[in-house]
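Observations on the model geometry
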Amino acid sequence: MEFGCRAHDLTRAHTPDELGRACEEQGVRYVQLALAKSFPQMASGAGEISPGMGAHVRRALAAHGVEVAVMGCYFNLIDPDLAAREQGIRKFEAYLSCARSFGCGIVASETGSVDPAFRYTEENFTDEAFGEAADVIGRLVAHAERVGAVVGIEPGVNHPIHDVETCARLVEAVGGSPALGFILDPTALITCELAPAQLDITRAMLAAFPERIVATHLVDFRVEGGALVRCDLGEGQMDVDAVLGAVEAAKPHGFVLTEFTEDDAVGRFIASRR
């Protein structure tokens, strides 16, 4: 299995060439790229992103044997501030339009929260919150169909889309469009109480949506003070071998991207898997 990482976890890289070099040094073959986080000096909003920018980034990374697996364009899809929500939607649509120029067909986001501070609230689990999220995702999926891209939705326990059942409802809400995919993050799908069931939850997602899981995030964690704390891979409680085994069996050669593991720790993890 080859591995990628979240690009801004290579914290010393701030240009496309620096990112390519850092990936090559750590054995990273592909990245999830959030332009503003990796390249803060490069304007990359809805008005600035372009096919030319995509070609530039793609060439710089390819010189080091690196590809873009996923474009990160995370925003609060159900932001109570409707102006901010619309701004996020338009940026996401622009990223969908330009994704292919980066050598990538997937643009990803979580589904957000009715609380702008993302504090835990059961209001995220209401039919109203689901409906708002589904309406926005439906608009994004329609745009993705027009430009030949995929909307990658990452379910999470404090979001309207948070388990197998709500993912299935979302698929139905968008009419089964193939332009909807899911980013599987097994740690985003658990609470402290659900941590022992992480492997079962992972297998259930893979079994329910074998054709829609477009990438997997690999995030280790510890339970500390009644909270999940992300940590470097291999330093937490995740059964990494079992989770990877389930993913590899269901999605051979699928994109697997590390998160919350930074710099040399990325390289150490990848080297340990060879």
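So, here is what we can say about the structure in this document. Nothing here was measured: the structure is a model prediction, and the numbers come from that model.

Let us look at the packing of helix α5 (residues 127-147) against helix α6 (residues 164-173). Between α5 and α6, the shortest axis-to-axis distance is 10 Å and the interhelical angle comes to 50°. Between α5 and α6, the crossing angle belongs to the class labelled oblique. The hand of the α5/α6 crossing is right-handed. Of the residues in α6, those touching α5 at D127, F130, A134 and I137 are T166, R169, L170 and A173. Taken together, the residues of the contact of α5 with α6 break down into five nonpolar, one polar and two charged.

Attention now moves to the packing of aromatic side chains. Overall, the coordinates contain five aromatic pairs when judged by the stated rule. The aromatic ring of F260 is capped on one face by R6, whose charged end is 4.4 Å from the ring centroid.

Take the sheet that holds strand β6 (residues 180-184) next. Read around the barrel, eight strands follow the order β1-β2-β3-β4-β5-β6-β7-β10 and close on themselves; strand pairing throughout is parallel. On average, adjacent strands in this sheet sit at an angle of 30° to one another, irrespective of strand direction. Strand direction decides the pairing type here: strand β5 (residues 150-153) and β6, joined by three bridges, are parallel. Across the sheet, residue I153 finds its bridge partner in β6, namely F182. Along the sheet face, helix α8 (residues 240-250) touches β7 (213-218) and β10 (256-258) and points at about 170° away from the line of β7.

Cut-offs and rules
Residues numbered from 1 in each chain as written. Predicted model: local features only at pLDDT ≥ 70, side-chain atom pairs only at ≥ 80, totals over all residues. Heavy atoms only, no water. Axes fitted to C-alpha atoms, helices over the stretch in contact; angles between N-to-C directions. Helix = DSSP H or I, 4+ residues; strand = E, 2+ residues; numbered from the N terminus. Parallel < 35°, antiparallel > 145°, perpendicular 65-115°, else oblique. Left-handed = near helix turned anticlockwise from the far one by under 90°. Contact = heavy atoms within 4.5 Å. Nonpolar A, V, L, I, M, F, W, Y, C, P; charged D, E, K, R; others polar. Phe/Tyr/Trp six-rings, centres within 6.5 Å; stacked < 30°, edge-to-face > 60°. Lys NZ or Arg CZ within 6 Å of the ring centre and 35° of its normal. Pairing = 2+ DSSP bridges.

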